[in-house]
Amino acid sequence: METAKRRVVYTLWRLGIAPPCMHDSKDGIHFDFLAPTAEQKVMTGHQDGGVTLNILEADDDHRERTRALLGEPYRTPIGHLRHELGHYYWDRFFAECGESDPLMQEWRELFGDERADYGKALEGHYANGPANTWQSTHITAYATAHPWEDWAETWAH
């Protein structure tokens, strides 16, 4: 996980968009690599600059079983980090845009309306899956779940 994190942060640094450390800025980022316990499940995700990954994703056998179970073509720690950092950068680039901001309007034309209920969108995605034609409109099947996921998947790729 640490190797994947270094590679991802180095790439961002080379692109000139490395995030500040959370200790140095309210807009900074930090990483938590956690092991699940009997009492607590660990979900990969991003919230307020914190990127959380289940440490079991570093185990090849576990990751491959999960990949096959979810029908994913690939699954990597770097991919998880890039995806979650996509959510972080959405917050940095777009969260403060006003409704009439041309940048937000352009974003919605490309990715859809992010104001759609996120929880319901994910429930629908997991219950029904993507449309059969998702390959012609999205970069991954998961990108069809919600505009935020479309952005994060596109960012990751």
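In short, a report on the structure.

Conventions we followed
- Residues numbered from 1 in each chain as written.
- Predicted model: local features only at pLDDT ≥ 70, side-chain atom pairs only at ≥ 80, totals over all residues.
- Heavy atoms only, no water.
- Buried < 20%, exposed > 50% of the residue type's maximum accessible area, 1.4 Å probe, protein only.
- Helix = DSSP H or I, 4+ residues; strand = E, 2+ residues; numbered from the N terminus.
- Contact = heavy atoms within 4.5 Å.
- Axes fitted to C-alpha atoms, helices over the stretch in contact; angles between N-to-C directions.
- Parallel < 35°, antiparallel > 145°, perpendicular 65-115°, else oblique.
- Left-handed = near helix turned anticlockwise from the far one by under 90°.
- Nonpolar A, V, L, I, M, F, W, Y, C, P; charged D, E, K, R; others polar.
- Core = buried A, V, L, I, M, F, W, Y, C linked by side-chain atoms within 4.5 Å.
- Pairing = 2+ DSSP bridges.
- Salt bridge = Lys/Arg side-chain N within 4 Å of Asp/Glu carboxyl O.

Turning our attention to helix 6 (residues 147–156). Among the 10 residues of helix 6, 7 are classified as buried, and the element is accordingly described as predominantly covered. Among all positions of helix 6, only Pro147, Glu149, Asp150, Trp151, Ala152, Glu153 and Ala156 are buried. Of the surrounding elements, those touching the buried residues of helix 6 are helix 3 (77–93), helix 4 (102–111) and helix 5 (118–128).

Okay, the packing of helix 1 (residues 2–15) against helix 3 next. At a minimum axis separation of 9 Å, helix 1 and helix 3 run at an interaxial angle of 45°. Comparing their axes, helix 3 and helix 1 come out oblique. Two packed elements cross with a definite hand, and for helix 1 against helix 3 that hand is right-handed. Residue-level contacts link Ala4, Lys5, Arg7, Val8 and Leu12 of helix 1 to Pro77, Ile78, Leu81, Arg82, Leu85 and Tyr89 of helix 3. Broken down by class, the residue content of the contact of helix 1 with helix 3 amounts to 8 nonpolar, no polar and 3 charged.

Moving on: the nonpolar core. Core analysis: the largest hydrophobic core is formed by 14 residues, its most contacted members being Phe31, Val51, Leu81 and Leu85. Of all elements in the fold, only helix 1, strand 1 (30–34), strand 3 (50–54) and helix 3 reach the threshold of two or more residues within this core. The dominant element in this core, judged by the number of residues it contributes, is helix 3, at 5 residues. Those residues in contact with Leu81, other than ones at most four positions away along the chain, are Met1, Ala4, Lys5, Val8, Phe31, Phe33, Val51 and Leu53. If you look at the next biggest cluster of nonpolar residues, it comprises 7 residues, including Trp90, Met104, Trp107 and Trp151.

All right, on to the sheet that holds strand 2 (residues 45–47) then. Spatially, 3 strands are ordered 1-3-2 in an open sheet, and the strand pairing comes out mixed. On the outer flanks of this sheet lie strand 1 and strand 2, each paired with one strand and no other. Taken over all neighbouring pairs, the strand axes of this sheet differ in orientation by 20° on average, direction set aside. As defined by bridge partners, strand 1 adjoins strand 3 across 5 bridges and the pair is classed as parallel. Residue pairing across strands places Phe33 opposite Leu53, the latter belonging to strand 3.

Moving on to the pattern of salt bridges. Applying the stated criterion to the full structure yields 10 salt bridges. Note that Arg75 and Glu72 form a salt bridge whose closest N and O atoms lie 2.8 Å from each other. Residue classification places Glu72 among the partly exposed residues on the basis of a relative accessible area of 23%. One salt bridge connects Arg108 with Glu114, and the closest N-O pair in it is separated by 2.6 Å. Both residues of the pair, Arg108 and Glu114, belong to the buried class. One salt-bridge network, held together by shared partners, links Glu99, Arg108, Asp113, Glu114 and Arg115.

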